[in-house]
Amino acid sequence: QVQLVESGGGLVQPGGSLRLSCAAARTIFSINHMAWYRQAPGKEREWVAYITIAGRTDYADSVKGRFTISRDNAKNTVYLQMNSLKPEDTAVYYCNKYPIYPQIGWGQGTQVTVSP
């Protein structure tokens, strides 16, 4: 069982905000760039944002300017601050290393639902 534990999801209205957290095993977190991915119903899992060990970030065009990824190296935790949420952001959100290959497995994810 890969040690990636996501939390912080929930139901929020359009325009609202959520902050996701992901606690990772130190063996994963300390040597990897980290990222958030999401999978909407009936769609492939997609990359959302990544942060390098040094703190450099990049975002998918669909979330640029609305989401912010960060990491706390002392806590082996990566965060995703999501603002101005839209219904199309509804998905299960996962954290994992970046790039994803070779794969190490997935955590359980956290559900984000954006609905009036």
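Before any of the text, the structure's been laid out above.
The notes below deal with the structure included here. (Residues numbered from 1 in each chain as written. Predicted model: local features only at pLDDT ≥ 70, side-chain atom pairs only at ≥ 80, totals over all residues. Heavy atoms only, no water.)

Overall, mixed pairing links the 6 strands, which are arranged β2-β10-β9-β4-β5-β6 in an open sheet. Strand pairing shows two members of the sheet lacking a second neighbour, β2 (10–12) and β6 (57–59), which therefore form its edges. Pairs of neighbouring strands in the sheet enclose a mean axial angle of 25 degrees, with direction left out of account. In the sheet, β2 pairs with strand β10 (residues 110–114) via 3 bridges, with the strands oriented parallel. Each bridged residue has a counterpart across the sheet, and for Leu11 the counterpart in β10 is Thr113. (Pairing = 2+ DSSP bridges. Helix = DSSP H or I, 4+ residues; strand = E, 2+ residues; numbered from the N terminus. Axes fitted to C-alpha atoms, helices over the stretch in contact; angles between N-to-C directions.)

Okay, unusual backbone geometry next. The omega angle of the peptide bond from Tyr98 to Pro99 is 0 degrees, so this bond is cis rather than trans. Cis geometry marks the peptide bond from Tyr101 to Pro102, where omega comes out at -5 degrees. Mapped onto the fold, Pro102 is located in the loop between β9 (91–98) and β10. Residue Asn76 is not a glycine yet carries a positive backbone phi of 55 degrees. As for its placement among the helices and strands, Asn76 is situated in the loop between β7 (67–72) and β8 (77–82). By relative accessible area, which is 16% here, Asn76 ends up buried. Although it is not a glycine, Ser84 adopts a positive phi angle of roughly 50 degrees. (Buried < 20%, exposed > 50% of the residue type's maximum accessible area, 1.4 Å probe, protein only.)

Topologically, Arg38 is positioned in strand β4 (residues 33–39). Given a relative accessible area of 6%, Arg38 falls into the buried group. Here the side chain of Arg38 touches Ser62 through a polar contact of 3.4 Å, side chain to side chain. Polar side-chain contacts of Arg38 include one of 3.0 Å to the side chain of Asp89. Residues within four places of Arg38 in sequence aside, it is in contact with Glu44, Arg45, Glu46, Val48, Ser62, Val63, Phe67, Glu88, Asp89, Ala91, Val92 and Tyr93. (Polar contact = N/O pair within 3.5 Å; in protein donor to acceptor, adjacent residues only side chain to side chain. Contact = heavy atoms within 4.5 Å.)

For the rest of this paragraph, the subject is the state of the cysteines. As enumerated under the stated definition, the model contains 1 disulfide in all. With a sulfur-sulfur separation of 1.7 Å, Cys22 is cross-linked through a disulfide to Cys95. One end of the pair, Cys22, is in strand β3 (residues 18–24); the other, Cys95, is in strand β9, and 73 residues separate them in sequence. Judged by relative accessible area, which is 0%, Cys95 ranks as buried. (Disulfide = S-S within 2.5 Å.)

A few words on the pattern of salt bridges. This structure, assessed with the given rule, holds 4 salt bridges. Salt-bridge contacts for Arg38 lead to Glu46; the nearest nitrogen and oxygen are separated by 2.7 Å. Classification of Glu46 by relative accessible area gives partly exposed; the value is 38%. Here Asp89 and Arg38 are joined by a salt bridge, their closest N and O atoms 3.0 Å apart. (Salt bridge = Lys/Arg side-chain N within 4 Å of Asp/Glu carboxyl O.)

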